[in-house]
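For reference, the chains in residue letters:
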Amino acid sequence: MSTFLSFRLLIPLLFVAAGLYVHFRGHVRHGLARQLSDHSTFMAPYNVLMYWFSGVPAHPYVDLRQFPELDVLKERWKTIRDEGLALFDEGHIRAAAGYDDIGFNSFFRSGWTRFYLNWYGDFLPSARSLCPETSALLASIPSVRAAMFAVLPPGSRLQTHRDPFAGSLRYHLGLKVPSQREKCRILVDGLPHHWAEGEAVMFDETYIHCAENLTGETRLILFCDVERPLTHPLVRWVNRQIGWRLIRAAAAQNVAGEPVGALNRIFGPVYRIRLLGKRLKAWHRPSYYVVKWLLFGGLFSLAFL
């Protein structure tokens, strides 16, 4: 019995240790209250495993020379840009029509929009039809797990956030960048990068980051998730299984009729509960936080105690 109880205590202790590791990783951090309820805390044990076996240094920005297979994207950036601009001009790069894009729902409030190309193995029919050359290029690079065109409109800013999944790295290729480059940038762990047309950057999206376009022009990029290199074959296999099964379940659609992943099918009903919480917060903030932490405490107890 004592051995069983010790094991039951070990799990939450490991979870807390992983959460602290994630919280103190890097120089920029969320406040403690936000970090406790952030999705990166719930993914912390998995992400720490990815960090320990990562084949790239622990740094906000990653040297692209380690990914020579991506060079073809820079070489063909004008082709990619032309297809992206055609999508933008025709109104295909847009926000989700409803609450069915769990990964990027919070971005839409800032005006950020996207057009999915592929998502963990599946190229969307609309992508193959509307941008066949870009789709073919991406299909030739197995390490690209997901890709989209992403627009940051004039005068917009994405709030600071930390992505939940450390099994990938983020790649941006500048396609249409405002002439005032110094006012259009991303900050990763407080370090700025200004996009440039035909130039690429890769960063670890599990560091806290934000983006802003404080110009009067639109920014368009190719946005990719690239598989994180891992040093152990078993960890690599685990990461691919998680990507194919869990992350793939967050698939969203560009147009009606395209497949929607299981996580996004349940996101709409769940988000309506979140909207009730927002109404409670607007009415009485102390009551909102009491309810919020009671719910988190209850879930933690059910999971570990």
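Residues numbered from 1 in each chain as written. Predicted model: local features only at pLDDT ≥ 70, side-chain atom pairs only at ≥ 80, totals over all residues. Heavy atoms only, no water.

Examining the environment of I208
Then, in step 1: Mapping I208 onto the fold places it in the loop between β9 (200-203) and β10 (209-213).
Then, in step 2: I208 sits 182 residues away from G26 along the chain, and the two C-alpha atoms are 8.1 Å apart.
Then, in step 3: Those residues in contact with I208, other than ones at most four positions away along the chain, are V28, R29, H30, T160, H161, R162, L187, V188 and D189. (Helix = DSSP H or I, 4+ residues; strand = E, 2+ residues; numbered from the N terminus. Contact = heavy atoms within 4.5 Å.)

Notes on the sheet that holds strand β8 (residues 191-194)
Then, in step 1: Taken in spatial order, the four strands line up as β5-β10-β7-β8 in an open sheet, and their pairing is antiparallel. The open sheet has two free edges, formed respectively by β5 (156-161) and β8, since each of these has just one partner strand. Adjacent strand axes in the sheet meet at a mean angle of 15° when their direction is disregarded.
Then, in step 2: In terms of strand pairing, β5 meets β10 through four bridges, oriented antiparallel. Looking at the pairing, S156 lines up with N213 of β10. (Pairing = 2+ DSSP bridges. Axes fitted to C-alpha atoms, helices over the stretch in contact; angles between N-to-C directions.)

Things to note about the nonpolar core
Then, in step 1: In terms of nonpolar packing, the biggest core is built from 73 residues, with L73, W119 and F149 touching the most fellow members.
Then, in step 2: Top contributing element to this core by residue count: strand β4 (residues 144-152), with eight residues.
Then, in step 3: Beyond its immediate sequence surroundings of up to four residues, L73 is in contact with I80, L137, L138, I141, Y171, L173 and L222. (Core = buried A, V, L, I, M, F, W, Y, C linked by side-chain atoms within 4.5 Å. Buried < 20%, exposed > 50% of the residue type's maximum accessible area, 1.4 Å probe, protein only.)

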